[in-house]
Amino acid sequence: MTALDDLVRPDRYPRSSRYDPAWLVGLDMGPNPLWLLEDLARDLDLRPGMRVLDLGSGKGATSVFLAREYGVEVVAADWWIPAEDAAAVFAEAGVADRVTAVRAEAHALPFEPESFDAVVSVDAFEYFGTADGYLPYLVRFLRPGGQLGVATPGMTREVRELGAIPAHIKRVVGWEAIAWHTPQWWRFQWEITELVDVTSARLQQDAWRDWLLWARACAERQPDGPAANQPVIDMLTEDGGEYLSFALVTARRKDL
């Protein structure tokens, strides 16, 4: 058994387990994106033919998954990855007819109002979505009743409540951990706008263990794997689930 083998878990993630873990690790831009998306999608109602924005789609694994598993039409938007690079991934995966790659910054989205049935964001929302004004900006791209689903690094307690970023997290993540919030924080942040009804807000079960499995596989498979991933492995091992997790949050736009 190798660390890569541990990324195939049909008992818990049956859909994700149909994907080659080596392919997935090769598209790495954050921990276990298909596990996060499969778990998040349980709180969404994704149906064939829907138009879905995959916001912060990275190298494209989540967009491939959305198209294949749920039969939706996907717009894959990312700022860091050139659209032509993502498009090559979609063509190789056989979903080029259902996924369109767009290079776009999250605060300047080139879409018409009310043009999506759902917006999904995995391993990305922490970089742009915590600002007080972001949800009101983003929700304009959803049709009335449209769904929003986010999977983002989270904490079991707010950093502000703790008074400091725990040392083992600060060594690896630094100040960025201030954007890792509890599900309760996200629920309040979204509900206070009165623009959406939050339908779920929870921590992913054993998220730190999933993250650790991912980091070990990346350490095993990537050229710079040990150097890049050992600090994360050490952080997660020391944490043991005390603080680190992933927040999974879903909502529907109100018919204003």
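Residues numbered from 1 in each chain as written. Predicted model: local features only at pLDDT ≥ 70, side-chain atom pairs only at ≥ 80, totals over all residues. Heavy atoms only, no water.

Undergrad: I would appreciate a short explanation of the overall build of the protein in the present structure.
TA: For the protein, the count of helices and strands is 10 helices and 7 strands. Scaling as 2.2 N^0.38, a compact globule of 256 residues should have a C-alpha radius of gyration of about 18 Å, and the protein matches this with 17 Å. Among the 256 residues that make up the protein, the fraction classed as buried is 55%. In the protein, 76% of the contacts between residues at least 6 apart in sequence involve partners at least 24 apart. Here the protein has roughly 11300 Å² of accessible surface; of this, 50% comes from carbon and sulfur atoms. Averaged over its 25 positive side-chain charges, the protein has a centre that lies 3 Å from the centre of its 39 negative ones. (Helix = DSSP H or I, 4+ residues; strand = E, 2+ residues; numbered from the N terminus. Rg over C-alpha atoms; globule rule 2.2 N^0.38 Å. Buried < 20%, exposed > 50% of the residue type's maximum accessible area, 1.4 Å probe, protein only. Contact = heavy atoms within 4.5 Å. Areas by Shrake-Rupley, 256 points an atom, 1.4 Å probe, with all protein chains shown as cover. Lys, Arg positive; Asp, Glu negative; His and termini not counted. Charge placed at Lys NZ, Arg CZ, Asp CG, Glu CD.)

Undergrad: Any chance you could explain helix 3 (residues 61-70) here in plain terms?
TA: One turn of the α-helix equals 3.6 residues, which is why residues spaced by three or four share an orientation. With 9 of 10 residues buried, helix 3 is to be regarded as a mostly interior element. Buried within helix 3 we find Ala61, Thr62, Ser63, Val64, Phe65, Leu66, Ala67, Glu69 and Tyr70. Once helix 3 finishes, glycine 71 follows within two positions and takes phi at roughly 65°, a positive value.

Undergrad: Teacher, can you tell me more about the pattern of salt bridges here?
TA: Any two side chains of opposite charge can pair if their charged atoms end up close together. A complete count under the given rule lists 17 salt bridges for this structure. Across the salt bridge formed by glutamate 38 and arginine 42, the nearest N and O atoms sit 4.0 Å from each other. A salt bridge links arginine 171 to glutamate 238, with the shortest nitrogen-to-oxygen separation between them at 3.0 Å. Within this pair, whereas arginine 171 is found in helix 7 (residues 167-173), its partner glutamate 238 is found in helix 10 (residues 225-239), the two being separated by 67 residues in sequence. (Salt bridge = Lys/Arg side-chain N within 4 Å of Asp/Glu carboxyl O.)

Undergrad: Help me understand the packing of aromatic side chains in this model?
TA: In this description, an aromatic ring pair is defined by two values, namely the gap between the centres and the angle between the planes. Evaluated as defined, the whole model comprises 18 aromatic pairs. Judged by centre distance (4.9 Å) and plane angle (90°), the rings of tryptophan 185 and tryptophan 186 are edge-to-face. Residue classification places tryptophan 185 among the partly exposed residues on the basis of a relative accessible area of 21%. Of the residues examined, tryptophan 186 reaches a relative accessible area of 1% and is grouped as buried. Consider the rings of tryptophan 186 and tryptophan 190, whose centres lie 6.1 Å apart with planes at 70°: the pair is edge-to-face. (Phe/Tyr/Trp six-rings, centres within 6.5 Å; stacked < 30°, edge-to-face > 60°.)

Undergrad: Even after reading the chapter, I still don't get the environment of glutamate 114, so can you show me in this structure?
TA: Assignment of secondary structure puts glutamate 114 in the loop between strand 3 (99-103) and strand 4 (116-122). A relative accessible area of 37% means that glutamate 114 is categorised as partly exposed. The sequence separation of glutamate 114 and glutamate 161 amounts to 47 residues, and the corresponding C-alpha distance is 37 Å. Not counting the four nearest positions on each side in its chain, glutamate 114 is found in contact with Arg140, Phe141, Leu142, Arg143, Pro144 and Arg253.

Undergrad: How do you make sense of the sheet that holds strand 7 (residues 244-253) when you look at a structure like this?
TA: The pairing of strands in a sheet comes from backbone hydrogen bonds and takes either a parallel or an antiparallel form. Judged by pairing direction, the sheet is mixed, and its 7 strands sit side by side in the order 3-2-1-4-5-7-6 without closing on themselves. Sheet topology places strand 3 and strand 6 (196-203) at the edges, where each strand pairs with a single neighbour. Averaged over all adjacent pairs, the angle separating strand axes in this sheet is 15°, with direction ignored. As judged from the 5 bridges shared by strand 1 (residues 51-55) and strand 2 (residues 73-78), these two strands associate in the parallel manner. Its bridge partner lying in strand 2, valine 52 is registered against valine 74. Docked against the sheet, helix 2 (residues 33-41) engages strand 4, strand 5 (142-155), strand 6 and strand 7, running at close to 45° with respect to strand 7. (Pairing = 2+ DSSP bridges. Axes fitted to C-alpha atoms, helices over the stretch in contact; angles between N-to-C directions.)

Undergrad: Honestly, unusual backbone geometry in this entry has me stumped. Any pointers?
TA: The phi torsion of most residues other than glycine is negative, and most of the peptide bonds are trans. In this structure, asparagine 32 takes a positive phi of about 30° despite not being glycine. Turning to its location among the elements, asparagine 32 is positioned in the loop between helix 1 (21-26) and helix 2. Its identity is not glycine, yet glutamate 194 carries a phi of approximately 60°, on the positive side. Residue position: glutamate 194 is located in the loop between helix 8 (183-191) and strand 6.

The values reported here are purely geometric and, on their own, carry no functional implication.
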